[in-house]
Amino acid sequence: MVAPTYTALHYDFFITDYRGYGKSTGAITSEQQLYDDAQQVYNELSKSYPEEKITILGYSLGTGVATWLASHNHPKRLILQAPYYNMSSLMKEHFPYIPTFILKYKLPTNELLPKVKCQILIFHGDCDGVIDCQQSIQLKPLLKQGEVYMLLKAQGHNRINANEEYLKVIESVP
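Source: prediction; values computed, not measured.

Chemist: Outline the packing of aromatic side chains, supporting the account with residue identities and numerical values.
Modeler: Any pair of aromatic rings gets described here by the distance separating the centres and the angle formed by the planes. The final tally for this structure, using the stated rule, is five aromatic pairs. Measuring from ring centre to ring centre gives 6.1 Å for Tyr6 and Tyr11, while their planes differ by 85°; the resulting arrangement is edge-to-face. Take Tyr6: its relative accessible area is 4%, and that puts it in the buried class. A centroid spacing of 6.3 Å and a plane angle of 85° characterise the contact between Phe95 and Tyr97, whose relative ring orientation is edge-to-face. According to the relative accessible area criterion, Phe95 is partly exposed, its value standing at 40%. A relative accessible area of 64% places Tyr97 in the exposed class. Taken together through their ring pairs, the aromatic side chains of Tyr6, Tyr11 and Phe13 make up a single cluster.

Structural data, given as structure tokens:
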């Protein structure tokens, strides 16, 4: 359960599934559609919450869309959990024998991160067997001074929200 972590910290919490995932219907047909769907959700939330109170959190494959959303809006902060440098580098990591030109979705986190104007916090487990922490280590030089990069010791891909080091940082950010 993710929501109790944040509601205990007095955040209002909203989570959405991509089309065709979880309880959402439909199908994903393009990378731009992913971005447009995220923007539509953000626009609706912005009607109830000023941007300076919105935190965008992206986890795993969702970090690319979260970074795009933060780069096109003005939220208070962006939190990335187990991010990848870009989809091509992730594909090379898992499928080095397949040419990356066939990749349908680029999700270029590395190109979008410098365009993000809000505070950025990146967390990655050093024992992540799904997205190797080297993916996010490559993103670290793109952070501005004072932003957070934390490699979580003995942390795998799942349950970052329950990690004590993560929680200490999240509780301490203004």
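Moving on, there is more to tell.
Chemist: How would you explain the sheet that holds strand 2 (residues 77-81) if you had to name every residue and give the values?
Modeler: Strand order in the open sheet formed by four strands is 1-2-3-4, with parallel pairing between adjacent strands. Two strands bound the open sheet, and with one partner strand each, they are strand 1 (55-59) and strand 4 (148-152). Adjacent strand axes in the sheet meet at a mean angle of 10°, parallel and antiparallel pairs treated alike. Packed on one face of the sheet, helix 3 (residues 62-71) meets strand 1 and strand 2 and runs near 155° to strand 1. Helix 7 (residues 164-172) rests against strand 1, strand 2, strand 3 (119-125) and strand 4 of the sheet, and its axis sits at about 160° to strand 4.

Chemist: Please provide a residue-by-residue account of helix 7, values included.
Modeler: Residues of helix 7 that are buried: Tyr166, Val169 and Ile170. Seen along its axis, helix 7 keeps its buried residues to an arc of 95°; they face one direction. In helix 7, those exposed residues whose orientation departs by more than 90 degrees from the buried face are Glu164, Lys168, Glu171 and Ser172. The N-terminus of helix 7 is capped by Asn163, whose side-chain oxygen sits 2.8 Å from the backbone nitrogen of Glu165.

Chemist: Describe the environment of Ile28, and please don't skip the residues or the numbers.
Modeler: Assignment of secondary structure puts Ile28 in the loop between helix 1 (3-7) and helix 2 (31-48). Along the backbone, Ile28 and Lys117 are 89 residues apart, and their C-alpha atoms lie at a distance of 28 Å.

Chemist: Describe the pattern of salt bridges, naming the residues involved and giving the relevant values.
Modeler: Applying the stated criterion to the full structure yields three salt bridges. Among the ionic pairs, Lys47 bridges to Glu44, the shortest N-O distance being 2.8 Å. Residue Lys47 and its partner Glu44 are both found in helix 2; the two are separated by three residues, about one turn of the helix. For Lys47, a relative accessible area of 64% gives the class exposed. Of the charged contacts in the structure, one is a salt bridge between Glu147 and Lys144, with a shortest N-O distance of 3.7 Å.

What counts and how
Residues numbered from 1 in each chain as written. Predicted model: local features only at pLDDT ≥ 70, side-chain atom pairs only at ≥ 80, totals over all residues. Heavy atoms only, no water. Phe/Tyr/Trp six-rings, centres within 6.5 Å; stacked < 30°, edge-to-face > 60°. Buried < 20%, exposed > 50% of the residue type's maximum accessible area, 1.4 Å probe, protein only. Pairing = 2+ DSSP bridges. Helix = DSSP H or I, 4+ residues; strand = E, 2+ residues; numbered from the N terminus. Axes fitted to C-alpha atoms, helices over the stretch in contact; angles between N-to-C directions. Contact = heavy atoms within 4.5 Å. Arc of directions from axis to C-beta. Polar contact = N/O pair within 3.5 Å; in protein donor to acceptor, adjacent residues only side chain to side chain. Salt bridge = Lys/Arg side-chain N within 4 Å of Asp/Glu carboxyl O.

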